[in-house]
Amino acid sequence: MFKSIFSIRSFLKFIFLFLLLFLVIFITNSILNAFKINFFTFNKNMNRIINHSEQLSKKAQNFDEKVALTKLGANTLNGFYYRFDENLIDARHSSKKQRQSVFGKKIKNICFEFNSKDDLIIKPVQKDFIIKDGILKYKHNGSNFLQSSKKLNIDKYSIGEVEIKIKVKNTKELILAWSAHLDAKIDNSLQTAYLSILTIPDNNFHTYRVNVKHVFNKGFLELLKPGEPIRNVFLYPLSVSYDEIEIDYLRFISKKEKYTQKPFGVTYETINHEMRKALYMRASHNLKYVLNIPSEKSVLRFGMGILEKDSHVIFSIMIKDGNDMKVLFSNKISNSNKWHDAAIDLSQYANKKVEISFSCKCSETNIAFWSNPVLYTPPKERLNVVIVLEDALRADRMSCYGYNQKTTPAKDKFAKKGITFLNAFSQETYTRASCVSFMTSLYPSATGVWNASERLDDKYLTLAEIMRSQGFSTALFTQNYNASSYVGLHQGFSTLFEHKTVADHRADALYKGRTLYGWLKNNCDRNFFLYLHILDPHGPYDPPEEFIADFKKSFKSGGKRVKKDFMLDAPWIEAPTCESRNFLYDAEIRYNDLYFNSFLNALEKYKLLENTLIIFIADHGEHLGEHSLWDHKAPGYRQVLQVPMILVYPEILPMNKRIEQPVQLLDIMPTILDIANIRKNDLLIQGDSLLPLIRKENIDFWNNRFCISEEVRYKSKDDKTAYGSIFYRNWHILNSDKLNDTISYKVKNLSLSLYETLQLETRVFDLSKDKDEYFDLLNFLSDIIFNMKTQSFLKKYKKSNLATWRTLTKNTDQTIKYDPAALEQLRSLGYIK
């Protein structure tokens, strides 16, 4: 018995010593880790960032974008500047009274509502459904769907949008179909045309508004003969065997509907893929402005467009100087498929107070557009700002960043004329969230733009809005719908050129076209802000055949086979390998570089290069087989977050300078504002101007500053968890639920709860020793205290930023807007399955 007691005591003693040793090792490991990262500085950074985010959310409570723009005052670089569309409150309006009520009577919206079973125009094909409080409820079982029960007569040319208010539990995609045949079947593609609508399966009502203006006029409706109406409509849940569906209404909205409320106003209108901000007018209306013409040479510049084809509009501008009335301009426009531009020299009216009136004469059903009407004088000082972005471009694949292939000879020379930031990071791993983030200088958790159905709310201020309000001419040329009006980035751009097809993805489609250089020629007498978004080297990797030949000398065929992926591999690639993908990716970078050089030559031709700040960046990087990953999804390893950032502006920036401190895309906006002499005090921004870093001011701040990237894609805003990366000194702290390494795989298979309890979602990499992040530091992996601290910080930061988003978007229209052409492109790029 004594031996038994002794044995028990020995065992307990052993357990105690083991636990004590474990505790000592655990504490020692935490202390050593704290010493390595300088915990006090690390913690100080966390507190500073949280405090700034909380102050921002409080500031958002009283934020008004119009007030903020007014507080900026006049810009010291630009001359006199007056946009007529932004000063509509100053205008006096007149019209012929007998015509005022005609327009609204011509508008025909078609609305399918569900007030009674007796008069349903569209209903489920199976009779098992109910109607309650104006809501139709039915069960979809694979064969039950909505179909029109009466003959329709919808004029395809008159419809601009389709709006559906619906609630679904399981359905992620709806199919809207239509036909000219009364007896058409939904599965008969010879008689029926289709478009898809992405839905949110959360069992809540959502309103979806789909732009069908071009769909109902072109390609999608080749099944209909000219003038033939739509007689049959279907609504079908796709790829789901069962769902309980509730629908409030289905509406076919006239393309003129938004012009019914007022006879004049401000809108964005797209003509031939070119969107512009414009004053709109109905027939025989007149807007009069009284203003003082400045003493310097002044120019009145504007564009003209019309809504309806085969119905001309006469545009006229009158000027009244005292009692003298004169016609400044008059033009008859019949072509509705293009914008028509004009400019008038008003120098003869210098120092005079005049009345300028805009008027139009047209049929009662047409609409006239005066795009970007502006009166301006030459700049006091020249400053143009150009952002050139190449989508999914990794910094380490550029020769100016040390890559062993000569992929970017033009950019190598370009970088020597300015500043290269060696460690710049994106705020998300995909375009939509990243571009909205750097165009607002707010983290994705503060903008709320995470997923395919989300767009930037109008209450936010973009860099383009600020620049335009300060007198800069603004334009966006984009090849990616995730950086377009489709996500709300039209805000502030006077002109947007959106390339509509996948065939337009190569650099030459943007750089070689007359459109870009035509815009430069028309705006070279003003300071301007220009944003170019090149889609390549985004997958699929498919450089021109003639261009690949130059690279084949250094490429060896063969290698490790990979499964073919339409998002990455060109159609002609039958047996892709790791090596072929990397080779073709590099070839696209080299191809882009060739046309980037031609763009620089064009700026020089127009004598703009010396006075232009050029910022070259990417929106995110790309996984190219590292960690067995491809594309640019989470987890956010360095390969998918590190981006190039090169700033060239000989006027004030040093030449051939390379900066190692971590920076982020968020810093671009405040840097531009500082260079353009624009105040930032009243703005909501989270980035820091890079000018102090360039001047080596407060260098301790820059050495220790956090750069943060978030993983918000496919996440819910109600989810309490938070994932992302912290770049701090030479450390990369990655916290992700998408990790696919050996530890994650084995522990998750053993016990998911154990994986989460041990805080194993955090990895730490020392980038000074492990640039490719192949070896996470196990001493940090076992440091539960550090991992909990990191995850707690990310959760607090996300919560605080979401408070800003909820404040700014409170009481705003939550309608989800879709463009079928955008969905087609995004699906081809793999953003939508």
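Residues numbered from 1 in each chain as written. Predicted model: local features only at pLDDT ≥ 70, side-chain atom pairs only at ≥ 80, totals over all residues. Heavy atoms only, no water.

A. Fine view of the confidence of the model for the protein. When pLDDT is averaged across the protein, the result is 88; 90% of the residues are at 70 or more. Residue range residues 218–222 is modelled with pLDDT below 50. Its contacts to residues more than four positions away, or to other chains, number nine contacts. (pLDDT = per-residue confidence, 0-100. Contact = heavy atoms within 4.5 Å.)

B. A look at the side chain of threonine 429. Its location among the elements puts threonine 429 in the loop between strand S25 (424–425) and helix H6 (431–440). Note on threonine 429: relative accessible area 2%, which makes it buried. Within the structure, threonine 429 has its side chain in polar contact with the side chain of glutamate 428 (distance 3.1 Å). A polar atom in the side chain of threonine 429 sits 3.1 Å from the backbone oxygen of histidine 632. Leave out the neighbours within four places in its chain, and threonine 429 touches His620, His632, Lys633, Ala634, Gly636, Val640 and Leu641. (Helix = DSSP H or I, 4+ residues; strand = E, 2+ residues; numbered from the N terminus. Buried < 20%, exposed > 50% of the residue type's maximum accessible area, 1.4 Å probe, protein only. Polar contact = N/O pair within 3.5 Å; in protein donor to acceptor, adjacent residues only side chain to side chain.)

C. Geometry of the nonpolar core. Formed by 123 residues in total, the largest nonpolar core has its most connected members in Tyr511, Leu530, Tyr531 and Phe599. Ignoring anything within four residues of it in the chain, the contact list for tyrosine 511 reads Val388, Leu516, Tyr517, Leu532, Ile534, Tyr595, Phe596, Ser598 and Phe599. Grouped together as the second largest cluster of nonpolar side chains are 34 residues, Leu287, Ile293, Phe302 and Leu375 included. (Core = buried A, V, L, I, M, F, W, Y, C linked by side-chain atoms within 4.5 Å.)

D. The arrangement of the environment of leucine 182 in detail. Here leucine 182 shows up in the loop between strand S9 (173–179) and strand S10 (192–198). Sequence separation between leucine 182 and serine 149 is 33 residues; the distance between their C-alpha atoms is 9.4 Å. Setting aside its immediate chain neighbours within four residues, leucine 182 contacts Lys151, Arg231 and Asn232.

E. Fine view of H6. Burial analysis of H6 places 10 of its 10 residues in the buried class, which makes it a mostly covered element. Residues of H6 that are buried include every one of Thr431, Arg432, Ala433, Ser434, Cys435, Val436, Ser437, Phe438, Met439 and Thr440, and no others. Following H6 by one or two positions, serine 441 has its phi on the positive side, about 55°.

F. Focus on the side chain of glutamate 773. Locating glutamate 773 in the fold gives a position in the loop between strand S39 (762–766) and helix H19 (778–781). Buried and without a salt bridge, glutamate 773 has arginine 638 as its closest oppositely charged side chain, separated by 5.4 Å. Of note is the side chain of glutamate 773, whose polar atom sits 2.8 Å from the backbone nitrogen of arginine 638. Of the polar contacts made by the side chain of glutamate 773, one reaches the side chain of histidine 732; its length is 2.4 Å. Excluding anything up to four places from it in sequence, glutamate 773 contacts His627, Tyr637, Arg638, Gln639, His732, Phe765 and Leu767. (Lys, Arg positive; Asp, Glu negative; His and termini not counted. Salt bridge = Lys/Arg side-chain N within 4 Å of Asp/Glu carboxyl O.)

G. Examining the sheet that holds strand S21 (residues 353–362) more closely. Taken together, the five strands give an open sheet; going across it, the order is S2-S16-S21-S18-S19, and neighbouring strands pair in antiparallel fashion. Edge positions in the open sheet fall to strand S2 (92–95) and strand S19 (324–333), since each of these has one partner strand only. Averaged over neighbouring strand pairs, the angle between their axes works out to 20° when direction is ignored. The pairing of S2 with strand S16 (residues 285–292) spans four bridges and is classified as antiparallel. Across the sheet, the residue bridging to serine 95 is histidine 285, located in S16. (Pairing = 2+ DSSP bridges. Axes fitted to C-alpha atoms, helices over the stretch in contact; angles between N-to-C directions.)

H. Structural detail: the pattern of salt bridges. According to the stated counting rule, one finds 36 salt bridges in the structure shown. Among the ionic pairs, arginine 468 bridges to glutamate 86, the shortest N-O distance being 3.1 Å. You can see arginine 468 sitting in helix H8 (residues 463–469) and its partner glutamate 86 sitting in the loop between strand S1 (81–83) and S2, a full 382 residues away along the chain. The exposure class assigned to arginine 468 is buried, which follows from its relative accessible area of 4%. The partly exposed category is assigned to glutamate 86, whose relative accessible area is 35%. A salt bridge links aspartate 396 to arginine 394, with the shortest nitrogen-to-oxygen separation between them at 2.9 Å. On the basis of relative accessibility, which here comes to 3%, the residue arginine 394 falls in the buried class. If you follow the salt bridges from partner to partner, you end up with Arg83, Asp85, Glu86, Lys277 and Arg468 in one network.

I. Local environment of the pairing of strand S15 (residues 274–281). A large share of S15 lies buried, amounting to eight of its eight residues. Taking every second residue as pointing to the same face, both faces of S15 are buried, with Glu274, Arg276, Ala278 and Tyr280 on one and Met275, Lys277, Leu279 and Met281 on the other. As defined by bridge partners, strand S14 (residues 264–271) adjoins S15 across eight bridges and the pair is classed as antiparallel. Each residue of the ladder has a partner; that of tyrosine 268, found in S15, is lysine 277. Hairpin connection between S14 and S15: a loop of two residues separates the two successive antiparallel strands, and asparagine 272 in this loop has a positive phi of roughly 55°. Pairing of S15 with strand S27 (residues 495–498), which is carried by three bridges, proceeds in the antiparallel orientation. Bridge pairing in S27 links methionine 275 to leucine 496. Examined bridge by bridge, S15 and strand S22 (residues 368–376) share four bridges and lie antiparallel to one another. By the bridge assignment for S22, methionine 281 is matched with alanine 368.

J. How the structure looks around the packing of helix H10 (residues 514–523) against helix H12 (residues 578–605). Where H10 meets H12, the axes come as close as 11 Å, and the angle between the chain directions of the two elements is 25°. With respect to H12, the element H10 is oriented roughly parallel. Remark: the crossing between H10 and H12 carries right-handed chirality. Where H10 approaches H12, its residues Leu516, Tyr517 and Leu520 are matched on the opposing element by Ser598, Phe599, Ala602 and Leu603. (Parallel < 35°, antiparallel > 145°, perpendicular 65-115°, else oblique. Left-handed = near helix turned anticlockwise from the far one by under 90°.)

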